[in-house]
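# Geometric and topological summary
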Amino acid sequence: MKHCGTQRLETDRLILRRYVNEDAAAMYKNWASDSEVTKFLMWPPHSSQEVSQGVTEEWVKLYSDERFYHWAIVLKENGDEPIGDIAVVDIKENVSAVHIGYCLGKAWWHRGIMSEALKAVMDFMFYEVDVNRFESRHDPRNPHSGGVMKKCGMKYEGTLRSADWNNQGVCDACYYALLKSER
């Protein structure tokens, strides 16, 4: 892999950019404090804007690492305010693979925004970072997340029973992946 860190990506409707410390208020307001958004995630809803501030400050520091890939999702029509998050949450160098995670504020669900963001990140990881395998997973009780993966061409690989956990407790994990040769 040719690591190059989080780069600004742009689509028709979106800008995917690095976080800045000033994003904490929007992060807290738009998704991080919402228990519906975090229901199937591995971190609890933020209890205060100060929690979001601490998280964004940590991410900003990590941008000096070329293996750190983490984007704020900005809808162009909203100015520069983040509405969601997409990130590489695991890298497997030995097989040239990345695992992606994402979340989006409830007000922007079911508008194709996350699929658009995921496609942009997939292209970047395949063609700029030279990843061979791009994967993700979801709780089967959250089928919309799997729908995003399918819409982006990822192939269902199977469900691991009681193999994961999230804010609902121990759960099954539906795995999807796409290889660079399939893009």
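Structural data are supplied above this passage.
All of these numbers come straight from a predicted model, not from anything done at the bench. (Residues numbered from 1 in each chain as written. Predicted model: local features only at pLDDT ≥ 70, side-chain atom pairs only at ≥ 80, totals over all residues. Heavy atoms only, no water.)

### Digging into the packing of helix α1 (residues 24-32) against helix α2 (residues 49-62)
Keep this limit in mind: A fitted line through C-alpha atoms serves as each axis, taken over the contacting stretch for helices, and the angle formed by two N-to-C directions is quoted from 0 to 180°. Helix numbers and strand numbers start at the N terminus; a helix is a DSSP run of H or I with at least 4 residues, a strand a run of E with at least 2. Here is the rule for handedness: rotate from the far helix to the near one, and if that takes an anticlockwise turn smaller than a right angle the crossing is left-handed, while a clockwise turn gives right-handed. Should any heavy atoms of two residues lie within 4.5 Å, those residues are considered in contact. Side-chain classes are defined by residue name, with Ala, Val, Leu, Ile, Met, Phe, Trp, Tyr, Cys and Pro counting as nonpolar, Asp, Glu, Lys and Arg as charged, and the others, Gly among them, as polar.
For the pair α1 and α2, the least separation of the axes is 8 Å and the interaxial angle reads 115°. With respect to the hand of their crossing, α1 and α2 are arranged in right-handed fashion. Touching A24, A25, M27, Y28 and A32 of α1 are Q49, S52, Q53, V55, T56 and W59, all from α2. Looking at the contact of α1 with α2 residue by residue, the classes come out as seven nonpolar, four polar and no charged.

### So, the pairing of strand β8 (residues 169-179)
The condition is simple: When DSSP locates at least two bridges between a pair of strands, those strands are taken to pair.
Note: strand β6 (residues 133-138) against β8, six bridges, orientation antiparallel. Note that in β8 the partner of R133 across the bridge is L179. Relative to β8, strand β7 (residues 155-166) is paired through eight bridges, and the arrangement is antiparallel. Its bridge partner lying in β8, L160 is registered against A173. Joining the antiparallel neighbours β7 and β8 is a turn of two residues.

### Observations concerning the nonpolar core
As a reminder of what qualifies: Working definition of a nonpolar core: buried Ala, Val, Leu, Ile, Met, Phe, Trp, Tyr and Cys residues. They are joined through side-chain atoms within 4.5 Å. Classification of residues uses two cut-offs on accessible area relative to the type maximum, computed with a 1.4 Å probe and protein chains only: under 20% is buried, over 50% is exposed, and between them is partly exposed.
Judged by nonpolar contacts, the single largest core of 36 residues is most densely connected at W71, I73, I86, L118, V121, M125 and F134. Breaking this core down by element, the ones donating at least two residues are β2 (14-17), β3 (70-75), β4 (82-92), β5 (97-104), α3 (113-127), α4 (143-151) and β8. Take this core: its biggest share by element is ten residues, from α3. Excluding residues within four positions of it along the chain, L118 makes contact with I86, I100, Y102, F134, V148, M149, C152 and M154. If you look at the next biggest cluster of nonpolar residues, it comprises eleven residues, including Y19, M27, W31 and C103.

### Comments concerning the pattern of salt bridges
The cut-off we apply is this: Should a side-chain nitrogen of Lys or Arg be within 4 Å of a carboxyl oxygen of Asp or Glu, the pair is scored as a salt bridge.
Evaluation of the coordinates by the stated rule reveals 16 salt bridges. When the shortest N-O distance is used, the salt bridge between D80 and R17 registers 3.0 Å. Placement of D80 in the loop between β3 and β4 and of R17 in strand β2 is noted, with a sequence separation of 63 residues between them. Note that R133 is salt-bridged to E135, the shortest N-O span being 2.8 Å. The buried category is assigned to E135, whose relative accessible area is 5%. Residues joined in a network through salt bridges with shared partners are K92, R133, E135 and E157.

### Thoughts on the sheet that holds β6
Here eight strands make up an open sheet; going across it, the order is β1-β2-β3-β4-β5-β6-β8-β7 and the pairing mixed. Each edge of the open sheet carries a strand with a single partner, namely β1 (9-10) and β7. Its contacts with the sheet place α1 against β4 and β5, and it is angled at close to 90° to β4. Here α4 sits on the sheet and contacts β5, β6 and β8; the angle it forms with β6, its principal contact strand, is near 160°.

These values are about where atoms sit, not about what they do.
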